[in-house]
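Below are the chains, spelled out letter by letter.
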Amino acid sequence: MDFSLTNEQKLLQKMAREFAENELGPVAAEIDENHVFPVDNFAKMAKLGFTGIGVSPEYGGVGGGATEKVIAVTEFAKQCMASAAILSIHLIAPQAIAKHGTEEQKKKFLPRLTSGGRLGAFALTEPNAGSDAGAAQTTAILDPETNEYVINGSKCFISGGSRADVVVLFALTDPSKGLRGMSAIIVERGTPGFTVGKVENKMGLAGSETAELIFEDCRVPRENLLGKEGKGFKIAMQALDGARIGVGAQSVGVAEGALELSVKYVHERVQFGKPIASLQGIQWYIADMATKTEAAKTLVYYAAYLEDSGKPFTKEAAMCKLNASENARFVTNLAMQIHGGYGYMKDYPLERMYRDAKITEIYEGTSEIHKVVISRAVLG
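Model, not experiment: these values are computed from the prediction.

Taken N-terminus to C-terminus, the directions of helix α3 (residues 66-79) and helix α4 (residues 81-90) make an angle of 155°; their axes are 6 Å apart at the nearest point. The orientation of α3 with respect to α4, classified from their angle, is roughly antiparallel. Taken together, the residues of α4 that come into contact with α3 (itself represented by Ala72, Val73, Phe76, Ala77 and Gln79) are Met81, Ser83, Ala84, Leu87 and Ser88.

Given below as structure tokens:
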């Protein structure tokens, strides 16, 4: 199967690479050290069209699909994993609205999230509902007198939640039905009763803020229902399948970035009178890193191809995310070993890349959950 990029995709890759090298890389250490969301760079992403990938130009997007997302996110992750995560996770909201929204919802919300420079968030996880989404307790009960949903509950670990202008929220519109009573509802920033709670202090991805969202008698008009009542869990799972390809792209990008740094370093670092690239042990490290990363990249692009072709891709999304995330940890670990003491120092990017890589095995579904998804698909 040929995954060669089209001319348009090559241009996108070139633009994403140059943007990452010129804009993201130079501030990656700063936003990590200061835990600062890169507001200016996100605005630049929107101006260049990255935040509108997968959405029709009719609504401010630039078109494209999963493959284009993979291209951009991979290039970003080579320089700054936090920025790659911000883009990858942001795209979940506009793409969900584009797929399931009414025409009125698309016209109202999509231009803000695509060309308008506003951030989107996807709010599913709760304190007692992580891998087990069925344990969700947040409710959205319709008030028939006002035709509004009254939302009560909280969400946690929401990427971009503290900055999001539009949140795709998952809540129980009929608690008696469990998952079959879960619905997707669009909530706008500034809606009375919607507040941001704790912003987490994380091991990595410091520039991508992760927050608690609190809803206390938050009233949202019924027309903000995304899709049909009771179909929220299905919408969430479909969105997560696509999001997992995005995490796969993040993982491939950080692995490629670590590999590139390692190749450069082993040619420059002289020990015992010769570059360490001449040492067989180092050569084997590089061979393993390159082979595993290329395999992970192929699996990510295959999953993206399936999504873009309209074919089932749940199993492949889980496979690419599981494989690429474990490889990201493997490669950044070996890269740090190759760099020795220098790799451990905050003056060099590998220390940050090593910390950033770990989250890819956890968010958008843990590795263990993906093994469950894969095994069910294989075993039938």
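A few words now on helix α7 (residues 232-268). Counted at 1.5 Å a residue, the expected span for α7 with its 37 residues is 54 Å, and the 54 Å between its end C-alpha atoms agrees. Extensive coverage of α7 is indicated by the burial of 27 of its 37 residues.

Glancing now at helix α12 (residues 367-379). For α12, spanning 13 residues, the distance from its first C-alpha to its last is 18 Å, which sits close to the expected 18 Å at 1.5 Å a residue. Taken residue by residue, α12 has Ser367, His370 and Ile374 as its buried positions. Buried residues of α12, viewed axially, fall in a sector of 60°; they line one side. What points out from α12, more than 90 degrees from its buried face, is the exposed set Glu368, Arg376 and Leu379. Check the buried side of α12 and you find it contacts α7 and α9 (314-339). Downstream of α12 by one or two residues, Gly380 has phi in the positive range, about 80°.

Moving on, we come to the pattern of salt bridges. Side chains bearing opposite charge may pair, as long as their charged atoms lie close to each other. Taken as a whole and judged by the stated rule, the model has 25 salt bridges. With a shortest N-O distance of 3.2 Å, Asp165 and Arg118 are connected by a salt bridge. Taken together, the residues span a long stretch of sequence, with Asp165 in the loop between β3 (148-159) and β4 (166-172) and Arg118 in the loop between α6 (103-113) and β1 (120-123) at a distance of 47 residues. Under the relative-accessibility criterion, Asp165 is labelled buried at 10%. A salt bridge links Arg219 to Glu148; the shortest N-O distance between them is 3.1 Å. Taken together, the positions of Arg219 in strand β7 (residues 210-221) and Glu148 in strand β3 put the pair 71 residues apart, joining distant regions of the chain.

A separate point is the packing of α9 against α12. Contact geometry for α9 and α12: axes closest at 9 Å, N-to-C directions at 140°. Here α12 runs oblique to α9, going by the angle between their axes. The element α9 and its partner α12 pack so that their crossing is left-handed. Note on element contacts: α12 touches α9 through Ser367, His370, Lys371, Val373, Ile374, Ala377 and Val378, opposite Thr314, Lys315, Ala318, Met319, Lys321, Leu322, Ser325 and Glu326.

What follows covers the environment of Thr191. Among the secondary structure elements, Thr191 is positioned in the loop between β5 (182-188) and β6 (194-199). Once the C-alpha coordinates of Thr191 and Val220 are considered, the two residues, 29 residues apart in sequence, prove to be 7.7 Å apart. If we ignore the near neighbours within four places in the chain, the residues touching Thr191 are Cys218, Arg219 and Val220.

By secondary structure assignment, the location of Thr114 is in the loop between α6 and β1. Of the residues examined, Thr114 reaches a relative accessible area of 1% and is grouped as buried. Of the polar contacts made by the side chain of Thr114, one reaches the backbone oxygen of Gly60; its length is 3.3 Å. Every residue in contact with Thr114, bar those within four places of it in the chain, is listed here: Ala46, Thr51, Gly52, Val55, Tyr59, Gly60 and Gly61.

Once that is clear, we can look at the packing of aromatic side chains. Given two aromatic rings, one states the distance between the centres and the angle between the planes to describe the pair. Considering all chains together, one arrives at ten aromatic pairs under this definition. Judged by centre distance (6.2 Å) and plane angle (65°), the rings of Phe3 and Tyr305 are edge-to-face. Residue Phe3 is located in the segment before α1 (7-34), and its partner Tyr305 is located in helix α8 (residues 280-308); the two are separated by 302 residues in the primary sequence. A relative accessible area of 26% means that Phe3 is categorised as partly exposed. Within the aromatic cluster, the residues linked to one another by ring pairs are Phe3, Tyr302 and Tyr305. Over the face of the ring belonging to Phe330 we find Lys292, whose NZ or CZ atom lies 5.3 Å from the ring centre.

By the secondary structure assignment, Lys292 is in helix α8. The class of Lys292 is partly exposed, set by a relative accessible area of 39%. The spatial distance from the C-alpha of Lys292 to the C-alpha of His90 is 28 Å, given a sequence separation of 202 residues. Those residues in contact with Lys292 that lie beyond four places of it in its chain are Asn327 and Phe330.

Rules of the game
Residues numbered from 1 in each chain as written. Predicted model: local features only at pLDDT ≥ 70, side-chain atom pairs only at ≥ 80, totals over all residues. Heavy atoms only, no water. Axes fitted to C-alpha atoms, helices over the stretch in contact; angles between N-to-C directions. Helix = DSSP H or I, 4+ residues; strand = E, 2+ residues; numbered from the N terminus. Parallel < 35°, antiparallel > 145°, perpendicular 65-115°, else oblique. Contact = heavy atoms within 4.5 Å. Expected span 1.5 Å × (residues − 1). Buried < 20%, exposed > 50% of the residue type's maximum accessible area, 1.4 Å probe, protein only. Arc of directions from axis to C-beta. Salt bridge = Lys/Arg side-chain N within 4 Å of Asp/Glu carboxyl O. Left-handed = near helix turned anticlockwise from the far one by under 90°. Polar contact = N/O pair within 3.5 Å; in protein donor to acceptor, adjacent residues only side chain to side chain. Phe/Tyr/Trp six-rings, centres within 6.5 Å; stacked < 30°, edge-to-face > 60°. Lys NZ or Arg CZ within 6 Å of the ring centre and 35° of its normal.

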